[in-house]
Amino acid sequence: MNKKSSILNNKFASIDLGSNNCRLLIVDLDNKKKDILRFSRVLNLAKNLTYNNEFTEEAISSVTKHFKIIAKKMEEFDVSRYRCIATHACREAINASKLIDEIYKTTGINVEIISTEEEARLCLKSNMVFRKKKQIDFDLVLDIGGGSTELVLIKKLTNNYTIEDFEFISLPLGVINLSERVEVFGLEHVNSLLFKTISNFNDIKKKKFNVIGSCGTVTSICAIHNKLKYYDKSKVDGVIMAIEDIKRNCQIIKRMTKKEKIEHPCIGKRRHELLDNGIIILESILNIINIENILVSDRGLIEGMIEDYKVL
C-alpha cells in the first residue's frame, strides 16, 4: 500500500477474505465509484475447518502470499483508503488471529473479522440497487457462501441499514464445508439445522417471497439456463428467473455427469463440487420458503463496502 498517497486521492479498495475466494475491488470515488480493478483468487480457506477448526501453516502462507499481491496492486493504483473484512472461516478458526497478524506484519493491511450481523448488512447494502425491478419488490436476499449461508429479510427501507431495519439468519453451511458437515454429522442433521434455523424467520411460511440471489450458485444456474458459451457477468446480473426455471435447471445440473460439469464452460473443474453443494443448500431452502422469483445478482460484500463508504 502506498503510504504517500495524497489526501486528495479518492481511490478506495474493498477486500473480502471469504471462506472460498479472496476478492479485491478498487474504485474511484470521484468518478461515481467507477471500477478501476477487480481481482479475485480461490483460496479455499474454509476447507477442512470442520475437522480441525484451525488454519494450517500452508493455508496461512498461501493467504499471506495473496495479500502481498493485493498490497502491490493497491500501491500500483495509489489507493489512499480501504476496508478489508474476513467472514465465516476466520470467525470459526481458533488461530484466525495468527493469520490476521501475519497479513498485517507482511503487508500492513488490517483485516477486520466481521460479525454475522455486519455480513448480512453489507450483503443487503450491496444489492439494494435491485430492490425494486419490473414492478416486483424483492424483500429477501440469499447468499450461499463458502462457509455460511445468509438470508436477509428487509423490514424497512433506509440508506444505512441497522439491525432494526432487517432480520437475518446465518447458517454455518456453505459450498465448501457442506460435504464435511454431512460426513461428520449426517445429512439428516444438516437438513434439520436448515429447517429449524430458517423457521425462526417470523411468518416465513405465510407469504411468497421474491428473492435476490447474491451468490455463485445462483449466477451459475442462470448462466447455464441462458446457455452461455462462457460466464459473462453482464448477461446474468439483474436477470429475473421464475422459480420453476431455477428448479428445472437444478435438476438438469444434477443429471449431468462429473465429466460434463468439468467440461461445461460455466462450471469447470474448480467449481463443479461447489455448485453441487450449493444446489443442495438452495433446494433445501426452496422446500422451506415459498419463493416466486429469484433475481440473479453478481454483487457481494466488496460492493457492499463500496456502497457503504462515506467520504470524510
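Here the structure is shown first, and the text comes after it.
The structure displayed is predicted, hence computed values, not measured ones.

> Would you take a moment to explain the layout of surface pockets for this structure?
Gaps left between atoms are located by rolling a probe of water-molecule size over the structure's atoms. Estimated volume of the second largest pocket: approximately 250 Å³. Among the secondary structure elements, those contributing two or more residues to the lining of the second largest pocket are α1 (49-52) and α2 (57-76). When residues in the lining of the second largest pocket are grouped by element, the largest group, 4 residues, is from α2. Looking at the lining of the second largest pocket, its residues break down into 7 nonpolar, 5 polar and 3 charged.

> Explain helix α8 (residues 216-225) here, please?
Side chains that are three or four residues apart share a direction in an α-helix, a result of its 3.6 residues per turn. Of all the 10 residues making up α8, 8 are buried; the element is thus mostly covered by neighbouring parts of the structure. Regarding α8, the residues found buried are Thr-217, Val-218, Thr-219, Ser-220, Ile-221, Cys-222, Ala-223 and Ile-224. Just past α8, the residue Lys-227 takes up positive phi, approximately 55 degrees.

> Whenever I open this one, the sheet that holds strand β13 (residues 291-296) confuses me. Can you help?
As a general point, the strands of a sheet are linked pairwise by backbone hydrogen bonds and lie either parallel or antiparallel. Ordered by their spatial adjacency, 6 strands build an open sheet running β10-β9-β8-β11-β13-β12, and the pairing between neighbours is mixed. The sheet terminates laterally at β10 (166-171) and β12 (240-242), the two strands that pair on one side only. Each neighbouring strand pair of the sheet contributes to a mean axis angle of 20 degrees, computed without reference to strand direction. Two elements, strand β8 (residues 140-144) and strand β9 (residues 149-154), share 5 bridges in a ladder whose sense is antiparallel. Each bridged residue has a counterpart across the sheet, and for Asp-143 the counterpart in β9 is Glu-150. Packed on one face of the sheet, helix α7 (residues 187-198) meets β9 and β10 and runs near 170 degrees to β10.

> What is the right way to look at the sheet that holds strand β3 (residues 34-42) in this model?
The strand order across the open sheet built from 5 strands is β3-β2-β1-β4-β5, with neighbouring strands paired in mixed fashion. Here the strands that pair on one side only, and so sit at the sheet edges, are β3 and β5 (112-113). Alignment of strand β1 (residues 11-17) against strand β2 (residues 21-28), held across 7 bridges, turns out to be antiparallel. Each bridged residue has a counterpart across the sheet, and for Asp-16 the counterpart in β2 is Arg-23.

> I would appreciate a short explanation of a nonpolar patch on the surface in the present structure.
Together, Tyr-51, Val-184 and Phe-185 give the surface a local cluster of nonpolar side chains, amounting to about 290 Å² of exposed area. Within the element layout of this structure, Val-184 appears in helix α6 (residues 178-185). Under the relative-accessibility criterion, Val-184 is labelled partly exposed at 42%.

> Before we go on, may I ask you to explain unusual backbone geometry in this structure?
In the Ramachandran plot, Asn-48 falls in the positive-phi region, its phi being about 75 degrees despite a non-glycine side chain. A positive phi is found at Asp-78, a non-glycine position, where the angle reads about 55 degrees.

> Would you mind showing me how to read the environment of Asp-139 here?
By the element assignment, Asp-139 lies in the loop between β7 (136-137) and β8. In this structure Asp-139 comes out as buried when scored by relative accessible area, which is 13%. With 18 residues separating them along the chain, Asp-139 and Leu-157 place their C-alpha atoms 9.9 Å apart. Ignoring sequence-local partners within four residues, the contact set of Asp-139 consists of Arg-131, Val-152, Leu-153, Ile-154, Lys-207, Phe-209 and Asn-210.

> So what exactly am I meant to see when it comes to the side chain of Glu-180 here?
Secondary-structure assignment places Glu-180 in helix α6. Look at Glu-180: it is buried, it has no salt bridge, and the nearest opposite charge is Lys-47 at 5.0 Å. When sequence neighbours within four positions are dropped, the list of residues in contact with Glu-180 reads Ala-46, Lys-47, Asn-48, Leu-49, Thr-50 and Tyr-51.

> Mind showing me how you'd approach the packing of aromatic side chains here?
The geometry of two aromatic rings is summed up by the distance between their centres and the angle between their planes. One pass over the full model with this rule turns up 1 aromatic pair. Measuring from centroid to centroid gives 6.1 Å for Phe-166 and Phe-168, while their planes differ by 50 degrees, and the two rings are tilted. By relative accessible area, Phe-166 is classed as buried at 1%. Sitting above the plane of the Phe-39 ring, Lys-73 keeps its charged end 4.8 Å from the centroid.

> In this structure, what is going on with the packing of α8 against helix α9 (residues 243-255)? I would like to understand it.
Between two packed helices, both the angle of their axes relative to each other and the distance between the axes serve to describe the pair. With their axes 10 Å apart at the nearest point, α8 and α9 run at an angle of 85 degrees to one another. Between α8 and α9, the angle is such that the two are roughly perpendicular. Where α8 approaches α9, its residues Ile-221, Ile-224 and His-225 are matched on the opposing element by Asp-245, Ile-246, Arg-248, Asn-249, Cys-250 and Ile-253. Across the contact of α8 with α9, the residue classes break down as 5 nonpolar, 2 polar and 2 charged.

Parameters and conventions
Residues numbered from 1 in each chain as written. Predicted model: local features only at pLDDT ≥ 70, side-chain atom pairs only at ≥ 80, totals over all residues. Heavy atoms only, no water. 1 Å grid on protein atoms, 1.4 Å probe; cavity = no way out; pocket = protein on both sides within 12 Å on 5 of 7 lines; lining within 4 Å. Points joined across faces, edges and corners; volume = space filled by probe spheres on them. Helix = DSSP H or I, 4+ residues; strand = E, 2+ residues; numbered from the N terminus. Nonpolar A, V, L, I, M, F, W, Y, C, P; charged D, E, K, R; others polar. Buried < 20%, exposed > 50% of the residue type's maximum accessible area, 1.4 Å probe, protein only. Pairing = 2+ DSSP bridges. Axes fitted to C-alpha atoms, helices over the stretch in contact; angles between N-to-C directions. Contact = heavy atoms within 4.5 Å. Patch = residues over 30% accessible without salt bridge, like charges linked within 9 Å, V, L, I, M, F, W, Y side chains within 5 Å. Areas by Shrake-Rupley, 256 points an atom, 1.4 Å probe, with all protein chains shown as cover. Salt bridge = Lys/Arg side-chain N within 4 Å of Asp/Glu carboxyl O. Lys, Arg positive; Asp, Glu negative; His and termini not counted. Phe/Tyr/Trp six-rings, centres within 6.5 Å; stacked < 30°, edge-to-face > 60°. Lys NZ or Arg CZ within 6 Å of the ring centre and 35° of its normal. Parallel < 35°, antiparallel > 145°, perpendicular 65-115°, else oblique.

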